[in-house]
Amino acid sequence: MNKKNIIPTKMLFFIAVLFMTLFLASCKKDEAVNYTDITTDGEMNAELTAPPFVPKPVGDRKAMKLKLNMEIKEQEGTMTDGVKYTYWTFGGSVPGSFIRTRVGDEVEFHLKNHPDNKLPHNIDLHAVTGPGGGATSSLVAPGHEKVFSFKVINPGLYVYHCATAPVGMHIANGMYGLILVEPEGGLPPVDKEYYVMQGDFYTQGEYGAKGLQPFDMNKAVKETPDYVVFNGKVGSLTNGNELTAKVGETVRLFVGNGGPNLVSSFHVIGEIFDNVHVEGGSTINKNVQTTLIPAGGAAIVDFKVETPGTFILVDHSIFRAFNKGALGMLKVEGNENKNIYSGTIQEGIYLPEGGTIQKMPGNSTAKATVPKRTLNEKIKIGKEIFGTTCFACHQSEGQGIPSTFPPLAKSDYLNADSKRAIKTILHGLTGEITVNGKKYNNVMPAQNLSDDEIANVLTYIYSSWGNNKTEITPEMVKALR
Amino acid sequence: MKKNIFIFTFFLVSAGILQAQEAGMVHVKEGSFVPLYGASSKRPVFVPSFYLDIYPVTNSDFLKFVKKNPEYSKSRIKRIFAEKSYLSYWKSDYDLGTAHPKSPVTSVSWFAAKKYCECQGKRLATMDEWEYAAMADEKRTDARTKKEFNEYILSWYEKSKTYENPIGQTFKNYWGIYDMHGLIWEWTADFNSIFLSGESRKDKSTDKNLFCGSASVNATDLMDYAAFMRYAFRGSLKAQYSTRNLGFRCASSTKPKI
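In this text the structure is predicted, and so the values were computed from the model without any measurement.

What counts and how
- Residues numbered from 1 in each chain as written.
- Chains lettered and ligands numbered in written order.
- Predicted model: local features only at pLDDT ≥ 70, side-chain atom pairs only at ≥ 80, totals over all residues.
- Heavy atoms only, no water.
- Helix = DSSP H or I, 4+ residues; strand = E, 2+ residues; numbered from the N terminus.
- Buried < 20%, exposed > 50% of the residue type's maximum accessible area, 1.4 Å probe, protein only.
- Contact = heavy atoms within 4.5 Å.
- Buried area = accessible area lost by both parts, 1.4 Å probe.
- Salt bridge = Lys/Arg side-chain N within 4 Å of Asp/Glu carboxyl O.
- Polar contact = N/O pair within 3.5 Å; in protein donor to acceptor, adjacent residues only side chain to side chain.
- Nonpolar A, V, L, I, M, F, W, Y, C, P; charged D, E, K, R; others polar.
- Core = buried A, V, L, I, M, F, W, Y, C linked by side-chain atoms within 4.5 Å.
- 1 Å grid on protein atoms, 1.4 Å probe; cavity = no way out; pocket = protein on both sides within 12 Å on 5 of 7 lines; lining within 4 Å.
- Points joined across faces, edges and corners; volume = space filled by probe spheres on them.
- Pairing = 2+ DSSP bridges.
- Axes fitted to C-alpha atoms, helices over the stretch in contact; angles between N-to-C directions.

Asker: What am I meant to see in the overall build of chain B here?
Answerer: If you tally the helices and strands in chain B, you get seven helices and eight strands. Residue burial in chain B is summarised as follows: out of 258 residues, 53% are buried. Nonlocal contacts in chain B, meaning residues at least 24 apart in sequence, comprise 69% of its contacts between residues at least 6 apart.

Right, here's the structure in full:
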């Protein structure tokens, strides 16, 4: 009898603990709102936008039924000047159309596959709770339409992509985009919002190889892309396509990474992100320099622009930015704010040993004059200088980097005026110029080279890559210094 | 005597081949191969010898058929046999409009393709037959491991509107067949025998074959992207569908009659 009583006591205690735990757990659960039960109020057609633009904010509207029409198109586009690529797109752009919803919305998704397309496609939206993120219900043959619907129950910024076999190839050809699920009441209002998405591309030719470049699946498997770009192509956010803002405005970027392979170290040169929705979720990190965006992931960043200037968006895995295309620009106009950024205050000469030129004893015959050099000598020395000083931007064959650094090969700008070329090296060059019909707007700093070195390197450049073989002498340089 | 028999046999065989060619077909010898999907336990599939059309069926071929069988014309075909886009690029029931008579007929449903072949005393090729004949390049019966061959097939996905090209302009393969790659997709008799859920990663437990992940789990050669695409495409079809890139050709188990 006694023994029998002991067990129930123990059990009672156990049950009490169990209930306490459950009670606490349910308390905790109450903090996170359950959005599955939100009822929708009314119906409208979803606004879709091509990058870099986003639809207008949801504000404080109630959850609604959204009808969404998206057309899949396989189409030829431009990767960079002279390089074509067949993109597979959601809505005719890479990344695909931006979808903006609020939590609790019911989305009726009409996925249409254009009749001229060759392949079946589907869509996996990371914002969807359900098998395949919608992919199982949306496989659609060319010339057909599939309709499925889902309720968005988790606020955040999510990637969507095609998940038809071979999945990697569909993504590598540009089939990805972003869907935003705003919280109740919407995200805090800002002045400017933009849509930027990184992707890596694999072509049979190397970076810049002309013509229609087919997809290279071996490079894709090895994860060695030829192009890493924002918004589907080199120069999508430069050369007249810059994002813009005014001093004092707050800019929000919806940044995604379609992959298929690389992880992005997203950074804006000259800015610090005030707020980052880490991985596109609800955690907000403040004062971030570089945020990591996984393949198939996203982040919401915002920052107030305090000073005018051009701010460069990059993947800070930096060779991707300068050699593979992952570079964009945000142009900020307005009055300077010297409290925050002074600009160059003073240009002086820095000599650690003091201002006097010092000489080792016994070495009194300082080389004051430059020996007379033959043309071949000049070219030889000039080539070495080019290899250490110029090549990083203008590239080994003087081809430059499309829309960023102008070419020196067969350059009309160069051949038209050799004095201007000398001055450019001596004093640097800023602002818009036109080279071989293409506009460039960038900065080349003044180069710390002697008259003789400038004469040699320019002679080398003029004698190479189809230029007009002008010979530059140190005297010509000296006259312009 | 033995020699005579040999010559006689040779004569018979070559006569047979000639006859077949006049009917627009060639003989494909029996053999076995491991398809990307559908082979249980990845064992080779045996394909008995068969005859296959040298070219896909053209617009003018199909026009003749429609004239003889008006119930397969654009306006009269029953909706359960073909959807609205059936022959949508033809001007009217018996007018090709701007379509090239020697281009392959596309935007035809599986029902119409099947009927066409039956009227010729033929049938649609099975998926295994089609894949078996299609793995040959100019010189070999199986070129699937050849890089250039796969690149050639893949490059087609990036060319637009190839369905407007006339037949017979791609390469002639080992069997003497043209246009297996580089022109259009083609219907097969059992196109939907392998199920691709559309979610190529999943299709593992339930359908065993072609969803996304299981696509790779069950595939025999992960690098065979070209074949992946064909199976994925077939998986998206229904028999009444018609798409602009999809045509067909006919096969026969027996020697075709002229």
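Now that the structure has been shown, we can carry on.
Asker: Got a minute to help me understand the interface of chain A and chain B in this structure?
Answerer: By a frequent convention, interface size equals the accessible area lost on bringing the separate parts together. Chain A puts 33 residues into the contact, and the matching count from chain B is 36 residues. Between chain A and chain B, roughly 2,900 Å² of surface is buried when both sides are summed, and carbon and sulfur atoms account for 63% of that area. Its largest share of buried area at the contact with chain B, chain A owes to Lys118, His144 and Met217 of chain A, together 24% of the area lost on that side. Between chain A and chain B we count one salt bridge in total. The salt bridge partner of Asp116 of chain A is Lys161 of chain B, with a shortest N-O separation of 3.9 Å. Linking chain A to chain B there are nine residue pairs in polar contact (both at pLDDT 80 or more). Elements with a minimum of two residues in the side of chain A that touches chain B: strand 4 (83-90), helix 2 (167-172) and helix 3 (217-222) of chain A. Here the side of chain A that touches chain B takes three residues from helix 3 of chain A, the largest share from any one element. Across the side of chain A that touches chain B, the residue classes break down as 19 nonpolar, 11 polar and three charged.

Asker: What is the right way to read the nonpolar core from this model?
Answerer: Among the nonpolar cores identified, the biggest contains 109 residues, and Phe109 and Leu125 of chain A together with Phe62, Tyr157 and Phe248 of chain B are the most heavily contacted of them. Of the residues forming this core, the biggest block, seven residues, is contributed by helix 7 (residues 225-235) of chain B. In this view, Phe248 of chain B contacts Pro56, Val57, Phe62, Val105, Val108, Ala113, Tyr116, Cys117, Leu124, Ile184, Glu186 and Trp187 of chain B; residues no more than four positions away in its chain are not counted. The next biggest cluster of nonpolar side chains, apart from the first, holds 26 residues, and it includes Tyr194, Leu262, Val305 and Val332 of chain A.

Asker: Just checking my understanding: could you explain empty space enclosed by the protein for this structure?
Answerer: Here the idea is plain: a probe the size of a water molecule rolls over the atoms and shows the empty space left. This structure, assessed with the given rule, holds four cavities of 30 Å³ or more. Roughly 120 Å³ of volume is contained in the largest cavity. Lining the largest cavity we find 15 residues, and of these Trp130, Ile184, Trp185, Glu186 and Arg230 of chain B sit closest to its centre. Among the secondary structure elements, those contributing two or more residues to the lining of the largest cavity are helix 5 (147-156), strand 6 (185-186) and helix 7 of chain B. Partitioning the lining of the largest cavity into residue classes produces 10 nonpolar, two polar and three charged. Computed from the structure, the second largest cavity encloses a volume of approximately 60 Å³. Lining the second largest cavity, in full, are Tyr207, Val234, Gly235, Thr238, Ala321, Phe322, Gly325, Leu327, Ile401, Pro402, Ser403 and Thr404 of chain A.

Asker: What exactly am I supposed to notice about the sheet that holds strand 14 (residues 243-246) of chain A here?
Answerer: The pairing of strands in a sheet happens through backbone hydrogen bonds and is either parallel or antiparallel. Residues and elements named next belong to chain A. Taken in spatial order, the five strands make up an open sheet running 14-22-21-16-19, and their pairing is mixed. Either end of the sheet is taken by a strand with one partner, and the two such strands are strand 14 and strand 19 (290-293). In this sheet, neighbouring strand axes are inclined to one another by 20° on average, regardless of whether the strands run parallel or antiparallel. The pairing of strand 16 (residues 264-269) with strand 21 (residues 309-315) spans four bridges and is classified as antiparallel. Pairing of Ile269 across the sheet is with Ile312, part of strand 21.

Just distances and angles here, no functional claims.
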